[in-house]
Amino acid sequence: MASQKKVAEASPTAPRPSILPLDAGPVPDLGRDADLKAFRDMLLIRRFEEKAGQLYGMGLIGGFCHLYIGQEAVVVGMQLAMQEGDQVITGYRDHGHMLACGMDPKGVMAELTGRRGGYSKGKGGSMHMFSREKGFFGGHGIVGAQVSLGTGLAFANRYRENGGVCLAYFGDGAANQGQVYESFNMAALWKLPVVYIIENNRYAMGTSVSRATSQPDLSKRGASFNIPGELVDGMDVRAVKAAGDRVLDYCRSGQGPYILEMKTYRYRGHSMSDPAKYRTREEVEKVRVESDPIEQSRARILANGWADEDAFKRMDAEVRKIVNEAAEFATYDPEPDPSELYTDILR
Amino acid sequence: MATQILMPALSPTMEKGNLSRWVKNEGDKVKAGDVIAEIETDKATMEVEAIDEGTLGKILVPAGTADVAVNTPIAVIVADGEDAAAAAPNQAASPAQQNKASQSAPPAAPGDAASAVATPKAAPSAVANPPQPAATPVPELAEASAADVEMVTMTVREALRDAMAEEMRRDGDVFVMGEEVAEYQGAYKVTQGLLQEFGARRVVDTPITEHGFAGLGVGAALAGLKPIVEFMTFNFAMQAIDQIINSAAKTLYMSGGQMGCPIVFRGPNGPAARVAAQHSQDYSAWYSHIPGLKVVAPYTAADAKGLLKSAIRDPNPVIFLENEILYGQSFPVPKVDDYLVPIGKARIARPGKDVTLVAWSMGMTYALKAAEALAADGIEAEVIDLRTLRPMDTETIVASVKKTGRCVVVEECWPQSGVAAEIATRIMENAFDWLDAPVARISGRDVPMPYAANLEKLALPSVDEVVQAARAVAYR
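The rules behind each value
Residues numbered from 1 in each chain as written. Chains lettered and ligands numbered in written order. Predicted model: local features only at pLDDT ≥ 70, side-chain atom pairs only at ≥ 80, totals over all residues. Heavy atoms only, no water. Buried < 20%, exposed > 50% of the residue type's maximum accessible area, 1.4 Å probe, protein only. Helix = DSSP H or I, 4+ residues; strand = E, 2+ residues; numbered from the N terminus. Pairing = 2+ DSSP bridges. Right-handed = clockwise from strand over helix to strand, strands pointing away. Core = buried A, V, L, I, M, F, W, Y, C linked by side-chain atoms within 4.5 Å. Domains from an automatic or database assignment. Contact = heavy atoms within 4.5 Å. Buried area = accessible area lost by both parts, 1.4 Å probe. Salt bridge = Lys/Arg side-chain N within 4 Å of Asp/Glu carboxyl O. Polar contact = N/O pair within 3.5 Å; in protein donor to acceptor, adjacent residues only side chain to side chain. Axes fitted to C-alpha atoms, helices over the stretch in contact; angles between N-to-C directions.

Visitor: Quick question: what am I supposed to make of the pairing of strand β2 (residues 166–171) of chain A here?
Guide: Consecutive side chains along a regular strand alternate between the two faces of the sheet. Residues and elements named next belong to chain A. Where burial is concerned, most of β2 is hidden: 5 out of the 6 residues are buried. Sheet analysis places strand β1 (residues 87–89) next to β2, joined by 3 bridges and oriented parallel. Along β2, the bridge assignment pairs Ile89 with Ala168. As defined by bridge partners, β2 adjoins strand β3 (residues 194–200) across 6 bridges and the pair is classed as parallel. Bridge assignment links Cys166 to a residue of β3, and that residue is Val194. In this fold, β2 hands off to helix α6 (residues 178–189), which returns the chain to β3; that crossover is right-handed.

Visitor: Would you explain the sheet that holds strand β8 (residues 73–78) of chain B in this entry?
Guide: All names here are of chain B. An order of β1-β8-β6-β3 is seen for the 4 strands of this open sheet, with the pairing classed as antiparallel. The sheet terminates laterally at β1 (3–6) and β3 (29–30), the two strands that pair on one side only. Relative to β8, β1 runs antiparallel, the two being bridged by 4 bridges. Across the sheet, the residue bridging to Ile5 is Ala75, located in β8.

Visitor: Would you explain the nonpolar core in this entry?
Guide: The tendency in soluble globular proteins is for nonpolar side chains to be buried side by side. Membership of the largest hydrophobic core comes to 83 residues, with the highest contact counts inside it found for A:Phe155, B:Phe231, B:Phe265, B:Tyr287 and B:Ile423. Here this core gathers at least three residues from each of two domains, domain 2 (149–334) and domain 3 (347–474) of chain B. When neighbours within four sequence positions are excluded, B:Phe265 is seen to be in contact with B:Ala214, B:Val218, B:Val229, B:Phe231, B:Phe234, B:Ile244, B:Ala248, B:Val318, B:Ile319 and B:Phe320. With 71 residues, the next largest nonpolar core counts B:Leu307, B:Ile312, B:Val341 and B:Met449 among its residues.

Visitor: What am I meant to see in the interface of chain A and chain B here?
Guide: Many descriptions give the size of an interface as the accessible area lost when the pieces come together. Opposite the 36 residues of chain A that make contact, chain B presents 45 residues. With both sides pooled, the region where chain A packs onto chain B buries about 3,500 Å², and carbon together with sulfur makes up 62% of that total. At the boundary of chain A with chain B, the tally comes to 0 salt bridges. If you look at where chain A meets chain B, you find 22 residue pairs in polar contact (both at pLDDT 80 or more). The set of elements that each furnish at least two residues to the side of chain A that touches chain B consists of α5 (145–160) and α6 of chain A.

Visitor: Just to check I follow, could you spell out the environment of B:Glu49 for this structure?
Guide: Residue and element names in this part refer to chain B. Following the sequence through the fold, Glu49 ends up in strand β5 (residues 45–49). On the basis of relative accessibility, which here comes to 16%, the residue Glu49 falls in the buried class. When the C-alpha atoms of Glu49 and Glu38 are compared, they prove to be 9.0 Å apart, with 11 residues separating the residues in sequence.

Visitor: Is there a simple way to explain unusual backbone geometry in this structure?
Guide: Apart from glycine, the bulk of residues carry a negative phi angle, and the bulk of peptide bonds sit in the trans form. At the junction of B:Arg390 and B:Pro391, the peptide bond is cis and its omega measures out at -5° in the coordinates. Looking at the secondary structure, you find B:Pro391 in the loop between β21 (388–390) and α11 (394–404).

Visitor: I would appreciate a short explanation of the sheet that holds β3(A) in the present structure.
Guide: Backbone-to-backbone hydrogen bonds pair the strands of a sheet. The strands run either parallel or antiparallel. Residues and elements named next belong to chain A. Reading across from one edge, β1-β2-β3-β7-β6 is the order of the 5 strands in this open sheet, with parallel pairing throughout. Among the strands making up the open sheet, the edge pair consists of β1 and β6 (229–233). In this sheet, neighbouring strand axes are inclined to one another by 20° on average, regardless of whether the strands run parallel or antiparallel. Of the strand pairs in this sheet, β3 and strand β7 (residues 258–263) are connected by 6 bridges, and their pairing is parallel. The residue bridging Ile198 from the neighbouring strand is Glu261, located in β7. Contacting β1, β2, β3 and β7, helix α2 (residues 72–81) runs over the sheet at an angle of about 170° to β2. Packing of α6 onto the sheet brings it into contact with β2, β3 and β7, and relative to β3 it is tilted by some 150°.

This is the structure in structure tokens:
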């Protein structure tokens, strides 16, 4: 159970925090241990997703498979700010969130391949995995549905007064769904402890934000509900963690919901079957070279002398081992027993 | 000229109400729009306005009178210089005069405008022969057949409220949310008194935001709470059906059994009276189609109570289909602690050997009346109240059909892909060799619900159709 932090009751007349520009001063350092952990967690997601892409190409993973490559700093940074008892819920680009929550890579990969050892016994697939134990509530395939569901998780936290905060992740595409605003309204009305994290990776499938939204500054989307919002550099895990710390305190103290718009980027297509012809190679390459979250982290750790090249090699080997074992398990684990067709429909 | 003020109807289904108080006294000058009296039903309170200028000549029904029939003259307004005694209260009101009373009640159901308008009862009843509570045969209650069980008479509305209140007392994780459930006391007064007993934490008024609050409820259920989500009517649940099906019904399966969703979605379903196509539809078939849901549609107050309690305790998402027209109907309910009716069990409402009539919810009113009419002609119909649509009690239906060899299904929903179509298929699959005639169905017509009273009546099943169908399959 989360230890409830004591936070001073905010005066109702206190001004709401303003939206911070991206260059709002220096980003606080994470410190050696946290920066190394963040690097390792981001690397695990990156290598896991690369492997998933390979298995998809080999025909071992079917259907839809949405990779998180490029966006790793968002979920890893927020995870560093969370407390035990907080919940995470997201959409269909969910593998990174599960790994960040501490779910077993074997179980995640085996679900991708539709095997009995998968988190949902092979019956959910890429978009539908859950772990009550790790506070991960899915994994939802209907764009925007997780926003209302996450608001309900926050409602339960407030009902139980357990001090928990729900982190509800969604993309710039989902930000245009009606139920998102229905949820904003109720969350603000009832001061529910929920952080709405908009992972703005610039494209809703093939439609860029500028082609889809009349107000492209998504952090302002809570304005008419009096929900404060901030723009965060979602490629810098330190900036994400700093914002997460502030905002989780805010929500935990009973002041209501908060919106964080994470500026981020996905390197791969929307799903494995997306050739991504709506953007140029140069655009992708520019982000990779200038803003890659893992390379930023590596350079920083080296510069601080917190690890050397040998240490990075050891970390990479350790992560590759975990991912290879997951892929091995997911390849040879049997498919679910045919009798599973009729289980888990009702309790 | 003297004008009679008639007891107005708050909704097309209202038959009587209480005259709570007179705001004006005899001899008071009144002008059009003045509130002269207040009336109330078990559902709502409303004000009666004068529509003519004059003097309140005579009060015909004193304050505090209960059960005043709609259209009873309650007062006379006389023009200046006219004699109050000259106004003849016992003269039949002309049709023109029948419209001289109006009211300014807050809408009983926002989004349900028609129910706030007084409809002269001279108009044909929208629903074919709504049953009189007194005329309803006392149903056999399998769960309380013991003769020593004391029965109390209560309305379906009261039974539903009691079920929620009992379960909320029993389990702190149970809460109710929806539009107007708390301070307004329920758009149809089903949640009356719950706010007072349980407070705003557990009786939650929502904005008009079906998609959002259905999703919020499912999220709370995934976290382990047991929400009762009230839809003002199931027509509005179409806004929320993605969350009901994609999130509530499928998540247990998609999570390999990890994420249960203990939630009840309840509210009035099916054709209401004179509210036209968008507010008058039966969703029985829609929800009964979905694996991962349980779907309940009670008829009697006892079943409403016992099944709602079971639904709230059920670890699965339950769609609980009520009926606005049945809310005010009274039935005997066993006076026992913790009265539960199991989900998934049909009830033989009337035994018989010649033909099986299967119905549920409002459909039971047609089936029971048809059975009476058939009995008068020597045909003994067995009436099955299905009570639960999913999981469907095929066993009870098949056992009855094996006895009678004939079946008529009564439903208010549309025929194509309807519940009757499913029942007919199950009978064919399980009792084909016992059938002496094809299964017949009496369904709502395959049209959007019309507003005009005569067309609406034509669009709904009737007792006569059920009788004719039963005769046809019995070759009599």
